[in-house]
Amino acid sequence: MTSQCAGCQQQKTQILILDDEPIVCKRLRPAFQKAGYEVETFTDSASAMARIEEKKFDIIITDLKMKGVDGMHFLERIKEIAPDTGVIVITGFATSETAGESFRKGAFDFVAKPFKLNDIIDTVRRLEGNRKR
Amino acid sequence: MNVIDGLRKVFSFWSPTKPSLPFSVLFKKFRSILERNNRILELMADMGDKLGGEYVFDRQYVLDISENIGDLVFKLISDLCVMTQTENVDLFISFERIQNDIQEELAGRRAFPMIRPAVLLDELNGDLNEEVGNKFANIGDIRNTLGLPTMDGFAITTRAFFDFMKANGLLKHIETSLAAVDLKDETAFEAMCDDVRTRILKGTIPRHVVSSINAMLDVVKGRAEVRYPRFAVRSSAWGEDSEFSFAGQYESVLNVPGNGIAEAYRRVIASAYTPEAWRYRLHRGFRESEMAMAVGCQLMVDAEVSGAMYTYAPLPLEKEAMMISAAWGLGPAVVSGLAESDTFVLDRMPPHNILSNESGHKVSKMVMDLNGGTAWREVPGHLQDKPCLSDEYIQRLAQAAIMIERYYRRPQDVEWAFDSKGNLYILQSRPLNVRPNQPDRHRLYIDHASLSAQVLFSGKGTVVQGGVASGKVYVARADDDLNDFPYGAILVARYTSPKYSKIMRKARGILTDIGSATGHMATLAREYRVPTVVDTGVATKVLKTGDEVTLDAIQNVVYEGTVNELSQFEITQEEVFEESYEYRLLKRILKKVNPLNLVDPHSESFKAARCLTFHDITRFVHEKAVERLIDLSENYQNYHDRTPKRLDCDIPLGLVIIDIDKGTSALPEARSMTVEQIESAPMKAMLQGLSESGMWETTPVAVDMGSMMSSFTRTFSSSLAGPEDVGRNLAVISNNYMNLHLRLGYHFTILDAYIGDELNDNYIYFRFLGGVSDLQRRSRRARFIAEVMECYDFRVEVHGDLIVGRLKKMSRDRMVSRMKVLGGLIGYTRQLDISMISDERIGQHVAEFMHRIDVLTEVGDDVPMCRLPATKDADSYTR
């Protein structure tokens, strides 16, 4: 079993998740691990901001409305550092304006909270498919 | 109450019966009540779905939806005030009370009545961990939710602790002593501990605490088998048996007579202030304000053999083993390692085969001393090397422990005992901290395992209860009595059914083809935390009895074979969803929202003041609104410009029709009308379905006279519904619209529909409630109706025997054909619940009904979503 998987650590898609509600991180982390991803989670935007300066992630999932740096700024910064990082915005305050703004700023998709674990994993898989093309 | 009396006076000019608003305004309010009512039911279902574990939601969701639903309920009551022109003070008071409880919960203040100094174990559950400590809150779950055997007893609460400490000036004393002592000075620290303990041991227990303890003692003595029962008096402090075990830190006093409880109580409390226990707290960052000690008093088990069981043996996780340590006599021998014991290692998977056992040389055992306390005795020679557990005992123990583990979704450390009659008792259970040795490698296994396992189906249906389960499939046949359901199997069934409550304790998981996440079975599955997915559509087709599968009811995937890594992964996660703050909050709020207590409008307790939940209020308002509408149409005919018309019809519907706009061709002043004069599209179609299908005449299966008679007696003896009420039915129509309230016998149907040429405006809302027979027959009828309606594209929700079906945005022709189906259903189901004597009847009736309705509903290319029963299913139905 392990021999087959030797090296999968390197090939794994790297995901960063930022949401100031710890429950969201706690639920998403194991779900993505189970689905074969390498996950780092953050509940404060400052540390997440620092982390993206250090490490390149394939996919970033971020909340919009948070204390400190808000999701929109985070999204802008990601796109400055690594324009090809796929970003999925998750939020409980979904309005057409915020959705529009996040798409303009380069978000791949917009998922309204609450969502099913399967839905967010599907969104990530679609994003991966897009990136490979 | 003075304010309310004042309000009553101010509003007294408002007569509840004399309408002062035009009928059209009142009717608009009525429709608004219906809309809000539907919306509230939807939100309730939405909240229920979130408990399943399939959704990620946060605190904001709970806040938002609570506010939303409160707002709707308030407006609902306001609408009723306008409609009935009464102030409904009682209803507003009930609303404020519920709303206030919800606000308190959301603000983090637990809304429950002040707990008594001592409470029976029967009243405890996991939510009361602050009141009785984790240990006894867990015992409450084990005893009351899981129904596993525990000894009778009561808990002296943390409230009693604070009252005791305060009455003796101890809280203040500890605070000042602790501030003054140099923690590094071992001698000084120990002197402080000694001083505090001495004060506790000499302390006076406040009188109200003593009388509360005595009251509980009397209850437990009264139920005990022996005249002078002895008790085990044990600690249950805040934080104990949680992520911090505090194992062995606090004292337990065994074999205490009733009159010795006060002394034992003080000893247990004092044990919290030994230098070791106090240091343990200080080291782990517990503040002194976080120290509270509840104390449990349980009858002693005269144990023949006792010990501890780990649901994960301290071996590599991959071994999938559990372990039992056991010795003759009382538990401390094993738990505190005071004597030699036997060790059994078992397979975690049923039938839990013994993988290895090691018999200790058990020379002495701990027993209850006749004079109180415990004593050591020599074990008879022939028993010293004999294993102290039989295979049967091991099996029972393993099943109980796994049930507790499944509930907490954490490996467990269970303390247990068997008495000389072979009764098993669970003494306590605490989470066992199992962490993989190499978390990274462990994670590597998990995704590899889940990615390489064969997926049978995924993302189908609704998760009712999350969790991971591996086991053998057991497909329940329609008429299955489930007596042969094997322990540890995964139940696969066509429908959800309350009858599966029977196997909740044995099943590892449940999958159904059809069913709702809000029904009775779903509630039970959540209670026992059995991983459950309903409405998959495919489970019985894909799976057959004996298949080995793994159900991941978190991601909602069913895998072929046993994927141990998945359950290991689940069980070693840092937080269990059910233990998360958000889950517990939502669950507590749902208790104020969801349960329906006002079920029977004819009962004495159907009153505004008796509304305990938002659901109750919603139900009450709806009933009153319908009553008011009927009252208005019958008694105030001059008041509105539409003359209500009695419908002349072969079928005795007792229907009065109010035409608000071009709904009939009868003269405006006519007092009666014929079926032919109906112009209202929905009503015409409904009546056609009812009469032309010939369903009304149907008496599907001979009626059993007993339940028929009980239906009559119940209807007519009821104090609130005199015979004159029966058959007083009402419809408000226009050319495109119908709102129908129909009470036929004990069935109550509401149909609200708009059918016009504009596709987007079209909708049908159908609600069906009531019945004569027992719950099981009624829920079979509900499933019959649901199945037929789903076949015709309705979105159907079944809440017990309440069925709500919705359909939107279909063409006029399709809408008309579906109204005919509903008309047929109303006729067909009149007495149907009485004939629903077995599950297979459901299928027979579906086939019969579809056959009859077919002719009436042929519309061009309109083929119903499913043509039930498909040939394969038909076989299984008629078998």
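About the cut-offs
Residues numbered from 1 in each chain as written. Chains lettered and ligands numbered in written order. Predicted model: local features only at pLDDT ≥ 70, side-chain atom pairs only at ≥ 80, totals over all residues. Helix = DSSP H or I, 4+ residues; strand = E, 2+ residues; numbered from the N terminus. Rg over C-alpha atoms; globule rule 2.2 N^0.38 Å. Buried ≥ 20, exposed ≤ 12 C-beta atoms within 10 Å, placed from the backbone. Arc of directions from axis to C-beta. Contact = placed C-beta atoms within 7 Å. Pairing = 2+ DSSP bridges. Axes fitted to C-alpha atoms, helices over the stretch in contact; angles between N-to-C directions. Parallel < 35°, antiparallel > 145°, perpendicular 65-115°, else oblique. Nonpolar A, V, L, I, M, F, W, Y, C, P; charged D, E, K, R; others polar. Core = buried A, V, L, I, M, F, W, Y, C linked by C-beta atoms within 7 Å. pLDDT = per-residue confidence, 0-100. Left-handed = near helix turned anticlockwise from the far one by under 90°.

A.B. asks: Residue-level account of the overall build of chain A, with values.
C.D. replies: A count of helical and extended segments in chain A gives seven helices and six strands. The secondary structure elements of chain A, listed N-terminal to C-terminal, are α-α-β-α-β-α-β-α-β-α-β-β-α. Computed over C-alpha atoms, the radius of gyration of chain A comes to 14 Å, within 12% of the 14 Å expected from 2.2 N^0.38 for 133 residues, which places it in the range of a compact globule. If you line up chain A on its principal axes, its C-alpha atoms span 50 × 30 × 30 Å.

A.B. asks: Could you give an account of the overall build of chain B, with specific residues and numbers?
C.D. replies: Helices and strands together make up the secondary structure of chain B, namely 26 helices and 31 strands. Taking all 879 residues of chain B together, the buried fraction comes to 48%.

A.B. asks: So what's going on with helix α4 (residues 45-54) of chain A? Which residues, and what values?
C.D. replies: Residues and elements named next belong to chain A. Listed in full, the buried residues belonging to α4 are S45, A48 and I52. End-on, the buried residues of α4 take up no more than an arc of 60°, which puts them together on one face. More than 90 degrees from the buried face of α4, the exposed residues found are A46, S47, A50, E53 and E54. Residues of α4 that are buried make contact with β1 (14-18), β2 (38-42) and α5 (71-81).

A.B. asks: Tell me about the sheet that holds strand β4 (residues 230-237) of chain B, residues and numbers included.
C.D. replies: Residues and elements named next belong to chain B. A sheet is described by the order of its strands in space; here five strands give the open sequence β2-β3-β6-β4-β5, paired in antiparallel fashion. The open sheet is flanked by β2 (118-120) and β5 (252-257), the only strands paired with a single partner. In this sheet, neighbouring strand axes are inclined to one another by 25° on average, regardless of whether the strands run parallel or antiparallel. Examined bridge by bridge, β4 and strand β6 (residues 293-299) share seven bridges and lie antiparallel to one another. Residue pairing in the sheet places S235 in a bridge with V295 of β6. Each of β3 (153-156), β4, β5 and β6 touches helix α10 (residues 261-270); the most contacted strand, β4, lies at about 30° to it.

A.B. asks: I'd love a proper account of the sheet that holds strand β4 (residues 86-91) of chain A, names of residues and values included.
C.D. replies: Residue and element names in this part refer to chain A. The five strands lie next to each other as β2-β1-β3-β4-β5, forming an open sheet whose pairing is parallel. Taken across any chain shown, the strands that pair with only one partner, and hence form the sheet edges, are β2 and β5 (109-112). Ignoring strand direction, the axes of neighbouring strands in this sheet form an average angle of 20°. With four bridges connecting them, β4 and β5 associate as parallel partners. In the sheet register, T91 faces β5, and the bridge partner there is A112. Against the sheet, helix α3 (residues 22-34) touches β1 and β2, its axis set at about 175° to β2. With respect to the sheet, α5 is in contact with β1, β3 (59-63) and β4, its orientation differing from that of β3 by roughly 160°.

A.B. asks: Residues and numbers for the environment of B:E240, please.
C.D. replies: All names here are of chain B. Looking at the element boundaries, E240 is found in the loop between β4 and β5. By the C-beta count within 10 Å, which is 22 here, E240 ends up buried. Each C-alpha atom, one on E240 and one on R97, is 34 Å from the other, the two residues being 143 residues apart in sequence.

A.B. asks: I'd love a proper account of the packing of α4(A) against α5(A), names of residues and values included.
C.D. replies: All names here are of chain A. α5 packs onto α4 with a crossing angle of 5° between their chain directions and a minimal axis gap of 10 Å. In terms of axis orientation, α4 runs roughly parallel to α5. Contact residues: S45, A48, M49, I52 and E53 in α4; F74, R77, I78 and I81 in α5. Here the residues of the contact of α4 with α5 sort into six nonpolar, one polar and two charged.

A.B. asks: Got a sec to walk through the environment of B:G824? Specific residues and values, please.
C.D. replies: Residues and elements named next belong to chain B. Within the secondary structure layout, G824 lies in helix α23 (residues 812-828). As for G824 and L687, which are separated by 137 residues in sequence, their C-alpha atoms are 8.5 Å apart. If sequence neighbours within four positions are ignored, G824 has contacts with G689, L690, S693, M695, F849 and I853.

A.B. asks: Break down the nonpolar core for me, with residues and values.
C.D. replies: All names here are of chain B. I490 and L491 are the most contacted members of the largest nonpolar core, which totals 168 residues. The greatest single-element share of this core, amounting to nine residues, is contributed by helix α3 (residues 59-84). Apart from the residues within four sequence positions on either side, L491 is in contact with Y474, A476, Y500, I503, A507 and I510. The next biggest cluster of nonpolar side chains, apart from the first, holds 99 residues, and it includes V132, A155, I156 and M165.

A.B. asks: Tell me about the interface of chain B and chain A, and name the residues and values.
C.D. replies: Taken together, the 27 residues of chain B in the interface contact 23 residues of chain A. Taken together, the elements giving at least two residues each to the side of chain B that touches chain A come down to β1 (55-56), α3 and α14 (439-452) of chain B. In terms of residue count, α14(B) provides more of the side of chain B that touches chain A than any other element does, eight residues in total. Residues belonging to the side of chain B that touches chain A are distributed by class as follows: eleven nonpolar, eight polar and eight charged.

A.B. asks: Talk me through the confidence of the model for chain A; I want residue IDs and the actual numbers.
C.D. replies: For chain A, per-residue confidence averages 86 on the pLDDT scale, and 91% of positions sit at 70 or higher. Low pLDDT (under 50) marks residues 1-9 of chain A, which in the prediction has seven contacts with non-local residues, meaning those over four places away or in another chain.

A.B. asks: Describe in detail unusual backbone geometry, supporting the description with residues and values.
C.D. replies: In this model, A:K113 is joined to A:P114 through a cis peptide bond whose omega is -5°. Mapped onto the elements of the fold, A:P114 is located in the loop between β5 and β6 (115-116). Phi angles above zero are rare outside glycine, and B:L482 is one such case at about 65°. Along the chain, B:L482 falls in the loop between β17 (468-475) and β18 (490-495). In this structure, B:R529 is a non-glycine residue whose phi angle is positive, near 55°. With respect to the helices and strands, the residue B:R529 is situated in the loop between α15 (520-528) and β20 (532-534).

A.B. asks: Outline the pairing of strand β26 (residues 729-734) of chain B, supporting the account with residue identities and numerical values.
C.D. replies: All names here are of chain B. Of all the six residues making up β26, five are buried; the element is thus mostly covered by neighbouring parts of the structure. In terms of strand pairing, strand β24 (residues 655-661) meets β26 through six bridges, oriented parallel. Residue V656 lies in a different strand from β26, and its bridge partner there is L730. Pairing of β26 with strand β27 (residues 737-744), which is carried by four bridges, proceeds in the antiparallel orientation. Across the sheet, L730 pairs through a bridge with H741, a residue of β27. Connecting β26 to the antiparallel partner β27 that follows it, the hairpin turn spans two residues.

A.B. asks: Let's hear about the pairing of strand β9 (residues 342-347) of chain B: which residues, and what values?
C.D. replies: Residue and element names in this part refer to chain B. Judged from the six bridges that link them, strand β8 (residues 321-328) and β9 form a sheet pairing that is antiparallel. By the bridge assignment for β9, A326 is matched with D342. Of the pairings in the sheet, the one linking β9 to strand β10 (residues 354-358) comprises four bridges and is antiparallel in character. Across the sheet, residue L346 finds its bridge partner in β10, namely I354.

A.B. asks: An account of α10(B) is needed here, citing residue identities and associated values.
C.D. replies: Of all ten residues in α10(B), eight are buried, a share of seventy percent or more. The set of residues buried in α10(B) consists of B:I261, B:A264, B:Y265, B:R266, B:R267, B:V268, B:I269 and B:A270.

A.B. asks: Explain the packing of helix α2 (residues 23-50) of chain B against α3(B) to me, using residue names and the numbers behind them.
C.D. replies: Residues and elements named next belong to chain B. For the pair α2 and α3, interaxial distance at closest approach is 9 Å and the crossing angle is 155°. Here α2 lies roughly antiparallel to α3, going by the angle between them. Our pair here, α2 against α3, has a crossing hand that is left-handed. Within the contact between the two elements, α2 uses L26, K29, F30, S32, I33, R36, N37, R39, I40, L43, D46 and M47 and α3 uses I65, N68, I69, L72, V73, K75, L76, D79, L80, V82 and M83. Along the lines of polarity and charge, the residues of the contact of α2 with α3 split into 14 nonpolar, three polar and six charged.

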